[in-house]
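Listed below, chain by chain, are the residues.
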Amino acid sequence: MFKYFPAFSEKPKLESSLILLIGYSSYLLAESYHFSGIMSLFSCGLVMSHYTMQNLSDESKKGTVLIFDSFGYIAETFVFIYLGMTIISFDFSTVRYLFSILMIFGVAIARMFAVFVPPAIVYVCCRREVSLTLKEMKIIWYSGLVRGAIAFALGWLVSSPRE
């Protein structure tokens, strides 16, 4: 659409607004048919990053990236606020601390194996140079914090049989 209507490039606000509306409409369409809205947004983002971003004006590209980065930062902040408020209101009398500590170490070790072992296997089996440096693999290993908070927030929405 942006490629065939050059009038859009004269109005960067319109281009950025349309990108937001296309993403939101894909989410609404998926939810209205009881499909996964997250997978719809993921697919829409893949298609739009390949086709749409190349046809935007430079000003719209900068604005769109800024908008999505800002929305992502705000959403991440709300998830961590929600996580903090939940921890404050949590009843710690039922927690088994030894189990919790062992699980934290178990998850860290499992993540370490999931990040460091596959590149080592590729290097040994295929005799190919691994494109990730050790520093990048450490960053990938440590970056599970945000995913964990989002998984916590989504898991909290699932109703348990005790309710």
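Keep in mind it's a predicted model, so treat the numbers as computed, not measured.

Engineer: I'd like a description of the overall build of the chain, backed by residues and values.
Structural biologist: Scanning the chain from N- to C-terminus turns up 6 helices and 0 strands. Seen in sequence order, the chain has helices and strands lined up from the N terminus as α-α-α-α-α-α. Relative to its 163 residues, the chain shows a buried fraction of 17%. At a minimum sequence separation of 6, the contacts of the chain that also span at least 24 residues come to 54%.

Engineer: I'd like a rundown of the packing of helix 4 (residues 97-126) against helix 5 (residues 134-142), residues and numbers included.
Structural biologist: How two helices sit against one another is set out by the angle between their axes and by the gap between those axes. Contact geometry for helix 4 and helix 5: axes closest at 9 Å, N-to-C directions at 145 degrees. As helix 4 packs across helix 5, the resulting crossing turns out to be right-handed. Facing A108, R111, M112, V115, F116 and P119 of helix 4, the residues of helix 5 in contact are L134, M137, K138, I140 and W141.

Engineer: Can you explain helix 2 (residues 37-51)? Please cite residues and give values.
Structural biologist: Note that an α-helix has 3.6 residues per turn; residues three or four places apart therefore point the same way. The terminal C-alpha atoms of helix 2, which comprises 15 residues, lie 21 Å apart, in line with the 21 Å expected from a rise of 1.5 Å per residue. As for helix 2, its buried residues are in contact with helix 1 (12-32).

Engineer: Give a description of a nonpolar patch on the surface that names residues and reports values.
Structural biologist: A surface patch of nonpolar side chains, about 790 Å² in accessible area, is lined by F68, F71, Y73, I74, F78, I81 and M85. As for its position among the elements, Y73 is in helix 3 (residues 58-88).

Engineer: Please set out the packing of aromatic side chains residue by residue, giving values where relevant.
Structural biologist: Inspection of every chain in the model, using the stated rule, returns 1 aromatic pair. Residues Y24 and Y27 carry aromatic rings whose centres are separated by 6.4 Å and whose planes lie at 20 degrees to one another, so their mutual orientation is stacked. Here the residue Y24 and the residue Y27 both occupy positions in helix 1, the gap between them amounting to 3 residues, near one helical turn. Using a relative accessible area of 30% as the deciding quantity, one classes Y27 as partly exposed.

Engineer: So what about unusual backbone geometry? Which residues, and what values?
Structural biologist: The backbone of H34 shows a phi angle near 60 degrees, a positive value even though the residue is not glycine. The topology assignment puts H34 in the loop between helix 1 and helix 2.

Engineer: Now, about the confidence of the model for the chain: what can you tell me, with residues and values included?
Structural biologist: Fine structural detail should not be taken from predicted coordinates in areas where pLDDT scores are low. Per-residue confidence for the chain gives a mean pLDDT of 81, with 82% of residues at or over 70. Per-element confidence in the chain ranges from a low mean pLDDT of 65 for helix 6 (residues 144-157) to a high of 89 for helix 1.

Engineer: Lay out the environment of L29 with the relevant residues and their values.
Structural biologist: Following the sequence through the fold, L29 ends up in helix 1. Looking at L29, the relative accessible area reads 51%, which means it is exposed. Separated by 11 residues in sequence, L29 and S40 place their C-alpha atoms 8.6 Å apart.

Engineer: Would you mind going over the side chain of T64 in detail, with residue names and values included?
Structural biologist: Inspection of the secondary structure puts T64 in helix 3. Here T64 falls in the buried class, since its relative accessible area comes to 3%. Side-chain polar atoms of T64 contact the side chain of S16, separated by 3.1 Å. The residues contacting T64, other than those within four sequence positions of it, are S16, I19 and L56.

The rules behind these values
Residues numbered from 1 in each chain as written. Predicted model: local features only at pLDDT ≥ 70, side-chain atom pairs only at ≥ 80, totals over all residues. Heavy atoms only, no water. Helix = DSSP H or I, 4+ residues; strand = E, 2+ residues; numbered from the N terminus. Buried < 20%, exposed > 50% of the residue type's maximum accessible area, 1.4 Å probe, protein only. Contact = heavy atoms within 4.5 Å. Axes fitted to C-alpha atoms, helices over the stretch in contact; angles between N-to-C directions. Left-handed = near helix turned anticlockwise from the far one by under 90°. Expected span 1.5 Å × (residues − 1). Patch = residues over 30% accessible without salt bridge, like charges linked within 9 Å, V, L, I, M, F, W, Y side chains within 5 Å. Areas by Shrake-Rupley, 256 points an atom, 1.4 Å probe, with all protein chains shown as cover. Salt bridge = Lys/Arg side-chain N within 4 Å of Asp/Glu carboxyl O. Phe/Tyr/Trp six-rings, centres within 6.5 Å; stacked < 30°, edge-to-face > 60°. pLDDT = per-residue confidence, 0-100. Polar contact = N/O pair within 3.5 Å; in protein donor to acceptor, adjacent residues only side chain to side chain.

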